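For reference, the chains in residue letters:
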Amino acid sequence: MSWQCYCFYAGIRQAPYFNRFPGHSRSLSTAVHFYQNRQLDHYAAKEAHRLTLRQLVFFGRQMDEDRLIKSANYVRTELPVRIAHRIRDLQALPYVVVTQEGVARVYELYWSAFEKFRRFPQVTNLSENKTFCEFLESILNEHAPVIPSLSLGLSLASPHLPPDSLDSFMRRMLVSRISRRVLAEHHVALTKSLGKNSLNSHEDPHVGIIYTALNLKVSIDKCVKLLRKRPQNIEDNNGECVPSRGWSEVIVDGHLDTKFAYIREHLEYILFELLKNAMRATGFKHRGSATLPPIYATIVAGENEVGVRISDQGGGLSSASIQSASDLFSFSHTRNATRLDDNRLGALRTASSRGVKATVAEQVGGWQVNETERARGGKDPEREAGIAPHQRIGLGLPMSNIFATYFGGSLELVSLDGWGTDVFLRLPKLGTNLEGIEL
């Protein structure tokens, strides 16, 4: 039974269910109110106005007060449309899925954000824009639990949904979430740079969150440096930490002077996750060896795209949990059996309580806090509870794939079982591809 059908038959009797969730005491009986459903219909009937990287750069490169106000009102009117489409997706889920742990929380967050956006008044000056930016940042923080909560809920619901339907739903939800963060964070960044000539910065020329001369080698070196600072232990497939001999050297070759325009946070998240997986696999495979084989990162600059191949000798991706390498992108337990592992579900519950923004800084910050606490001799409640210090929640590769394909790129995993893995990342170079939002 769909959400709409359930609401039709049960009316406001659904509300007590939502009130059982801590921190979500507000009744969702408003969700079945005729007027508000009519408002949702109104916004969901509109199409999202998708943008390209080039459009974002061109509009923001000559920023003044008038253009900033236009940007604010575009974001103000566009985001409720994108949220409305996703609310409709949630409402179309079978009731057995909606009642899974985490999914109702996401629905509540989306409905609340939709109401706040559609009621936010038009922005007419810089003072009102400042208030709007504060509002955007508060919404971004409120929605930090969305990714792990959705992953937890849909993992638990996996037995009730066909794999294609589940993965299609998750892709629409995550792509839309990225798109909303891009628009919100880009506008906030434009606001902060008003009156500054950030495009002509010698080190990091950028417009908003888009870096116009992003150096691939510099980004790879940055990720490697951060990853090599981690504690030298590796979590095995059972969640236990085993000692290692350190981390492999990463050799970067190819077109080392490659630069292109892209969202740096997206690129570095992908590189960080791919290198982290390669380092872990290589360290675990060769944990009894005197030395570790190197990992190669090869950069290629094509006419229309840039590519990175990361090659490791970590034994490949062969596992009883998956049938093909691409199954690692799936949220369905049918394709990736680890989705229903107790360790994975427990890690997702912990991540849901904290929130996940899917950034490099977030991960590195978490490591540093843990190590600082341990160095001071303090107690870590997660360690006390038997939770591994670097939990694997299964979101790195799926999110990397979403980031890679958002503006028309691709991410391909090629497993040479018994030897290692080659990962091919391709990203568009010209910035002319529209956002990959599915309506």
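So, how was this worked out
Residues numbered from 1 in each chain as written. Predicted model: local features only at pLDDT ≥ 70, side-chain atom pairs only at ≥ 80, totals over all residues. Heavy atoms only, no water. pLDDT = per-residue confidence, 0-100. Contact = heavy atoms within 4.5 Å. Salt bridge = Lys/Arg side-chain N within 4 Å of Asp/Glu carboxyl O. Helix = DSSP H or I, 4+ residues; strand = E, 2+ residues; numbered from the N terminus. Buried < 20%, exposed > 50% of the residue type's maximum accessible area, 1.4 Å probe, protein only. Pairing = 2+ DSSP bridges. Axes fitted to C-alpha atoms, helices over the stretch in contact; angles between N-to-C directions. Core = buried A, V, L, I, M, F, W, Y, C linked by side-chain atoms within 4.5 Å. Parallel < 35°, antiparallel > 145°, perpendicular 65-115°, else oblique. Left-handed = near helix turned anticlockwise from the far one by under 90°. Phe/Tyr/Trp six-rings, centres within 6.5 Å; stacked < 30°, edge-to-face > 60°. Expected span 1.5 Å × (residues − 1).

Turning our attention to the confidence of the model for the protein chain. Considering every residue of the protein chain, the mean pLDDT works out to 86; 84% of them sit at 70 or more. Confidence drops under pLDDT 50 across residues 1–35; counting only partners more than four residues distant or on other chains, this segment forms 58 contacts. A low-confidence stretch, residues 379–390 (pLDDT under 50), is modelled with 20 contacts involving residues beyond four sequence positions or located in other chains.

Moving on to the pattern of salt bridges. The final tally for this structure, using the stated rule, is 20 salt bridges. Note that R88 is salt-bridged to D41, the shortest N-O span being 1.8 Å. Residue R88 is found in helix α5 (residues 65–91), and its partner D41 is found in helix α3 (residues 34–44); the two are separated by 47 residues along the sequence. For R88, a relative accessible area of 23% gives the class partly exposed. On the basis of relative accessible area, D41 is assigned to the partly exposed category, the value being 39%.

This next bit is on the sheet that holds strand β2 (residues 210–215). Reading across the sheet, the three strands line up as β1-β2-β6 and stay open at both edges, with antiparallel pairing between neighbours. At either end of the open sheet lies a strand with only one pairing partner, and these are β1 (206–207) and β6 (259–263). Both β1 and β2 contribute to a ladder of two bridges, which runs antiparallel. Within β2, the residue paired with V207 across the bridge is I210. Against the sheet, helix α4 (residues 53–60) engages β1, β2 and β6, with an angle of about 115 degrees to β2.

The five strands are arranged β5-β7-β8-β10-β9 in an open sheet whose pairing can be described as mixed. Since the sheet does not close on itself, it has two edges, and those belong to β5 (250–254) and β9 (410–416), each with one partner. This sheet shows a mean twist of 15 degrees between the axes of neighbouring strands, independent of strand direction. Of the pairings in the sheet, the one linking strand β7 (residues 295–301) to strand β8 (residues 305–312) comprises six bridges and is antiparallel in character. Its bridge partner lying in β8, A297 is registered against I310. Set on the sheet, helix α12 (residues 264–285) makes contact with β5, β7, β8, β9 and β10 (420–428); between it and β8 the angle comes to about 15 degrees.

The nonpolar side chains of a soluble globular protein tend to be buried, and buried together. Within the largest apolar cluster, 116 residues are counted, with the highest numbers of intra-cluster contacts made by L90, F132, L154, I220, L267, M399 and L425. With near-sequence residues (within four places) excluded, L154 lies in contact with V97, V103, L161, L166, F169, M170 and F331.

This part takes up the packing of helix α11 (residues 216–228) against α12. Between α11 and α12, whose axes approach to 9 Å, the crossing angle comes to 50 degrees. What the angle tells us is that α11 and α12 run oblique. For the pair α11 and α12, the crossing hand works out as right-handed. Taken together, the residues of α12 that come into contact with α11 (itself represented by L216, S219, I220, K222, C223, V224, L226, L227 and R228) are L267, E268, L271, F272, L275, K276 and M279.

Summed over all chains, the structure comprises 10 aromatic pairs. Centre to centre, the rings of Y107 and W111 are 6.3 Å apart; their planes meet at 20 degrees, and the pair counts as stacked. Here Y107 pairs with W111, and both are found in helix α7 (residues 103–119), just four residues apart, close to one helical turn. Like W111, Y107 is buried.

Glancing now at helix α13 (residues 342–354). An ideal rise of 1.5 Å per residue puts 18 Å on 13 residues; α13 measures up with 19 Å between its terminal C-alpha atoms. Those residues of α13 not exposed but buried are R344, L345, A347, L348, T350, A351 and S352. One or two residues past the end of α13 sits G355, with phi positive at roughly 100 degrees.

Okay, the environment of R181 next. Mapped onto the elements, R181 comes out in helix α10 (residues 163–193). Dropping the residues within four chain positions of it, R181 is found in contact with L140, H186 and K357.

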